[in-house]
Amino acid sequence: MRTVRLAFSPTPAHVRTARLVAVATARNAGVAESLLDEIRLAVGEACSRAVSLHVQHKRSELVEVEFTDGPRFEVVVRDSAPADQALHADLAVSSPFVAGPAFAETESEEEVAAGVGLALLTGLVDDVTVTAAEDRDGTIVHMTWVSAAR
């Protein structure tokens, strides 16, 4: 297995670079061409979510992304925002039981934006998980796609 690591300052302009690296590494890993647009969009959403959380919580740490090939192409995006608040926003938006008006009264615009990113990810990636980092502040978005047989 090969892993490519990318770390960038939490600036929206760097999300484009993460998308480009994602497509290049996915293509090199043998992922079907038909999935490359989904990977590009999913990595963009996960990285935009991380950047948004960093900006919201005034965190200057780098956003970290790992791309790993193998039987499944894996992408891991790590942010450094407080995990409890980020996961709360993610769960609130992705939950089918949240009513619109009540949600608007209890969540900030930034929390809604971060959670919407996760909702979009669930539509683009078959296997996506968001967990709190165990060793530091932050959340980890883990996404996988099937790679072509090598």
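Higher on the page you've got the structure.
### Regarding the overall build of the chain
Consideration 1: Counting its regular elements, the chain contains five helices and five strands.
Consideration 2: In sequence order, the secondary structure elements of the chain are arranged as β-α-α-β-β-α-α-α-β-β.
Consideration 3: Counting across all 150 residues of the chain, residues that qualify as buried make up 42%.
Consideration 4: Sequence-distant contacts, at least 24 apart, represent 68% of the contacts inside the chain between residues at least 6 apart.
Consideration 5: Summed over its atoms, the accessible surface of the chain is roughly 7800 Å², and 56% of this surface lies on carbon and sulfur atoms.

### Points about the packing of aromatic side chains
Consideration 1: Tallied over the full model, the rule gives one aromatic pair.
Consideration 2: With a centroid separation of 6.3 Å and an interplanar angle of 40°, the aromatic rings of Phe-73 and Trp-145 are classed as tilted. Note that Phe-73 is positioned in strand 3 (residues 72–78) and Trp-145 in strand 5 (residues 139–146), a separation of 72 residues in sequence. Each member of the pair, Phe-73 as well as Trp-145, is classed as buried.

### Re the nonpolar core
Consideration 1: Counting 28 residues, the largest nonpolar core has Val-43, Phe-73, Val-75, Val-77 and Met-143 as the members making the most contacts within it.
Consideration 2: Elements that contribute at least two residues to this core include exactly strand 1 (3–8), helix 1 (15–28), helix 2 (36–56), strand 2 (63–68), strand 3 and strand 5.
Consideration 3: The element contributing the most residues to this core is helix 2, with eight residues.
Consideration 4: With residues up to four places along the chain from it excluded, the contact list for Val-43 reads Ala-18, Arg-19, Ala-22, Phe-67, Val-75 and Met-143.

### Some thoughts on helix 1
Consideration 1: In this model, helix 1 (14 residues) spans 20 Å end to end at C-alpha, consistent with the 20 Å of a helix rising 1.5 Å per residue.
Consideration 2: Tucked inside the fold, the buried residues of helix 1 contact strand 1, helix 2, strand 2 and strand 3.

### Considerations on the sheet that holds strand 4 (residues 127–132)
Consideration 1: The sheet built from five strands is open, its strands ordered 1-2-3-5-4 with antiparallel pairing. Each edge of the open sheet is held by one strand with a lone partner, namely strand 1 and strand 4. Across the sheet, the mean angle separating the axes of adjacent strands is 15° when strand polarity is ignored.
Consideration 2: Both strand 2 and strand 3 contribute to a ladder of five bridges, which runs antiparallel. Of the residues in strand 3, the one forming a bridge with Glu-64 is Arg-78.

The rules behind the values
- Residues numbered from 1 in each chain as written.
- Predicted model: local features only at pLDDT ≥ 70, side-chain atom pairs only at ≥ 80, totals over all residues.
- Heavy atoms only, no water.
- Helix = DSSP H or I, 4+ residues; strand = E, 2+ residues; numbered from the N terminus.
- Buried < 20%, exposed > 50% of the residue type's maximum accessible area, 1.4 Å probe, protein only.
- Contact = heavy atoms within 4.5 Å.
- Areas by Shrake-Rupley, 256 points an atom, 1.4 Å probe, with all protein chains shown as cover.
- Phe/Tyr/Trp six-rings, centres within 6.5 Å; stacked < 30°, edge-to-face > 60°.
- Core = buried A, V, L, I, M, F, W, Y, C linked by side-chain atoms within 4.5 Å.
- Expected span 1.5 Å × (residues − 1).
- Pairing = 2+ DSSP bridges.
- Axes fitted to C-alpha atoms, helices over the stretch in contact; angles between N-to-C directions.

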